[in-house]
Amino acid sequence: MARPYPGYFLTFEGTDGCGKTTQLERLAARLRARGYEVVHAVEPGGTRIGAQIRRILLDSANQDLCPTAEMLLYFASRAQNVEECIVPALKRGAVVLCDRFTDSTLVYQGMARGVGEEPVLALDRIACRGLAPDLTLLIDMDLETSLERARSRGLSKQESRMDEQAVEFHRRVREGYLKLAEREPRRVRIIDGRPDADSVERAVWEAVAPLLEERRDS
Ligand code: TMP
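In this text the structure is predicted, and so the values were computed from the model without any measurement. (Residues numbered from 1 in each chain as written. Predicted model: local features only at pLDDT ≥ 70, side-chain atom pairs only at ≥ 80, totals over all residues. Heavy atoms only, no water.)

**Some words on the packing of aromatic side chains**
- Applying the stated criterion across every chain yields a total of 4 aromatic pairs.
- Here the aromatic rings of Phe9 and Phe101 are separated by 5.0 Å at their centres, their planes lie at 90°, and the arrangement is edge-to-face. One end of the pair, Phe9, is in strand β1 (residues 8–13); the other, Phe101, is in the loop between β3 (95–99) and α4 (102–112), and 92 residues separate them in sequence. Judged on exposure class, the residue Phe9 and its partner Phe101 are both buried.
- Between Tyr108 and Tyr177, the ring centres sit 6.4 Å apart and the planes meet at 80°, which makes this aromatic pair edge-to-face. Here the residue Tyr108 occupies a position in helix α4, and Tyr177 occupies one in helix α7 (residues 167–183), the gap between them amounting to 69 residues.
- The class of Tyr177 is buried, set by a relative accessible area of 4%.
- Connected via pairs of aromatic rings, a cluster forms that spans Tyr108, Phe169 and Tyr177.
- Over the aromatic face of Phe75 sits the side chain of Arg78, whose NZ or CZ is 4.7 Å from the ring centroid.
- Residue placement shows Arg78 over the ring face of Phe101; its charged tip is 5.3 Å from the ring centre. (Phe/Tyr/Trp six-rings, centres within 6.5 Å; stacked < 30°, edge-to-face > 60°. Helix = DSSP H or I, 4+ residues; strand = E, 2+ residues; numbered from the N terminus. Buried < 20%, exposed > 50% of the residue type's maximum accessible area, 1.4 Å probe, protein only. Lys NZ or Arg CZ within 6 Å of the ring centre and 35° of its normal.)

**Here we look at unusual backbone geometry**
- Each neighbour pair has its own omega, and for Glu43 with Pro44 the value is -10°, a cis peptide bond.
- Tracing the chain through its elements places Pro44 in the loop between β2 (38–42) and α2 (48–58).
- One non-glycine residue, Arg100, adopts positive backbone phi at about 80°.
- Relative to the assigned elements, Arg100 resides in the loop between β3 and α4.

**As for the nonpolar core**
- Ranked by internal contacts, the top residues of the largest apolar core, which has 37 residues, are Phe9, Ile86, Val96, Phe101 and Leu131.
- Residue assignment for this core shows that the elements contributing at least two residues are β2, α2, α3 (67–92), β3, α4, α5 (117–128) and α7.
- In terms of residue count, α3 provides more of this core than any other element does, 9 residues in total.
- In this structure Leu131 touches Tyr5, Phe9, Val82, Ile86, Val87, Leu90 and Phe101, once residues within four positions along its chain are discounted. (Core = buried A, V, L, I, M, F, W, Y, C linked by side-chain atoms within 4.5 Å. Contact = heavy atoms within 4.5 Å.)

**Here we look at the packing of α3 against α5**
- Packing of α3 against α5 leaves a shortest axis separation of 9 Å and a crossing angle of 25°. When the axes of α3 and α5 are compared, the pair comes out roughly parallel. As α3 packs across α5, the resulting crossing turns out to be right-handed. Residues Met71, Leu72, Phe75, Arg78, Ala79 and Val82 of α3 pack against Pro119, Val120, Leu123, Asp124, Ala127 and Cys128 of α5.
- A per-class count over the contact of α3 with α5 returns 10 nonpolar, no polar and 2 charged. (Axes fitted to C-alpha atoms, helices over the stretch in contact; angles between N-to-C directions. Parallel < 35°, antiparallel > 145°, perpendicular 65-115°, else oblique. Left-handed = near helix turned anticlockwise from the far one by under 90°. Nonpolar A, V, L, I, M, F, W, Y, C, P; charged D, E, K, R; others polar.)

**Here's the deal with the sheet that holds strand β5 (residues 188–192)**
- Taking strand neighbours across the sheet as the criterion, the 5 strands line up as β2-β3-β1-β4-β5 in an open arrangement whose pairing is parallel. Where the open sheet ends on each side, the last strands, each with one partner, are β2 and β5. Across the sheet, the mean angle separating the axes of adjacent strands is 20° when strand polarity is ignored.
- Sheet topology note: the β2/β3 ladder contains 5 bridges and is parallel. Of the residues in β3, the one forming a bridge with Val38 is Val95.
- The strands that helix α1 (residues 20–33) touches are β1, β2, β3 and β4 (135–140); relative to β3, the one it contacts most, it runs at about 170°. (Pairing = 2+ DSSP bridges.)

Laid out in structure tokens, this is it:
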């Protein structure tokens, strides 16, 4: 099937503290060194409006945010990001590296929070209008290690609402991600996040390089 845009849309996913942002930055550097235009998109956030929505979502004072409002806010931020940043970059032929996308909402709100997958998929159709990642790198590791990392990275108080969820919640998140990878093994690649950052970077590159070559050859 013909791809809708000349660019590449790659997403990074994983539990809090899995190291995906470090790996995204390393991949961005590799791609830039090879001459690609790289756009680093962030969810929630990434745009002026999205940054304001992010503050509401991650403020630890907002414990009373109800699950449906939470899901809608993630999609409000995403709709703005898709429209203002992601689609224009893909149309230019850039590689967009997105730190989380709809898989996060499917897993955190749909599965772990119990909102259900169907409402998430319905909102995805409205907010993303068919835009789906070409490849998703799922940085996976045991929960003990990732939660320890998330807690020790000194998050500002304003951004800790999600980190303060119970361990059981984060366990459901990890299981949800593994379920997605089982369902869509071609798109969602599991990368073992436990080894040192250089080894994880190599594994990420081994997953990404064939996609770029495939496109160049077609
Ligand atoms: P971050 O730490 O990767 O920037 O993500 C912020 C938090 O928001 C993280 O705990 C995951 C959560 N999140 C959701 O619950 N649903 C979503 O759709 C997204 C994008 C993030």
